[in-house]
Structure formats: C-alpha cells, structure tokens
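Here are the chains, one letter per residue:
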Amino acid sequence: MIRYMGTRKNSEGATVYVFIVNGLEKEVREGALKQHPGCYEALPASAKAKIAANRDWLSKL
C-alpha cells in the first residue's frame, strides 16, 4: 500500500515527495518518482500538475 503524505525539503535543499510504503516512510525526489512503482500514481492531481510545469520549464532551458 502506498499513501502520499506531502512534500518537504531535505538536508540538501531539494524538494522530496513523502510516501508511506508498506508502513515505512519513504522520501522520493521528483526525478526518481518513475523508478518507484506506484508512487507517481499515488500523487494527487495538483502535485502531478506541478511536476508537469517543472518539466515544461526545464525543457525550455
């Protein structure tokens, strides 16, 4: 079972997405969401929209 808990800044200043995966807390960076099965799908629509906006902005650089 995967449950989205929110976002936070890690010690390096990067934004990480916090999930509860099988009862354990897991922090996942935005770029690694696709590497963790089920995590991207567990995100709410607002978080997915923010990720899409970030990718769009990065593609313009």
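To be clear, the structure that these remarks concern was listed above.
A separate point is a nonpolar patch on the surface. Residues Trp57, Leu58 and Leu61 make up a contiguous nonpolar surface patch of about 410 Å² in total accessible area. Following the sequence through the fold, Leu58 ends up in helix α2 (residues 45-59). The exposed category is assigned to Leu58, whose relative accessible area is 51%.

This part takes up the sheet that holds strand β1 (residues 2-9). Sheet strands associate in pairs through backbone hydrogen bonding, adopting either a parallel or an antiparallel arrangement. Strand order in the open sheet made by the 3 strands is β1-β2-β3, with antiparallel pairing throughout. Among the strands making up the open sheet, the edge pair consists of β1 and β3 (24-29). On average, each strand axis in the sheet is tilted by 30° relative to the strand beside it, whichever way the strands run. Where β1 and strand β2 (residues 15-21) come together, 7 bridges link them in antiparallel fashion. Of the residues in β2, the one forming a bridge with Tyr4 is Phe19.

Rules of the game
- Residues numbered from 1 in each chain as written.
- Predicted model: local features only at pLDDT ≥ 70, side-chain atom pairs only at ≥ 80, totals over all residues.
- Heavy atoms only, no water.
- Patch = residues over 30% accessible without salt bridge, like charges linked within 9 Å, V, L, I, M, F, W, Y side chains within 5 Å.
- Areas by Shrake-Rupley, 256 points an atom, 1.4 Å probe, with all protein chains shown as cover.
- Salt bridge = Lys/Arg side-chain N within 4 Å of Asp/Glu carboxyl O.
- Helix = DSSP H or I, 4+ residues; strand = E, 2+ residues; numbered from the N terminus.
- Buried < 20%, exposed > 50% of the residue type's maximum accessible area, 1.4 Å probe, protein only.
- Pairing = 2+ DSSP bridges.
- Axes fitted to C-alpha atoms, helices over the stretch in contact; angles between N-to-C directions.

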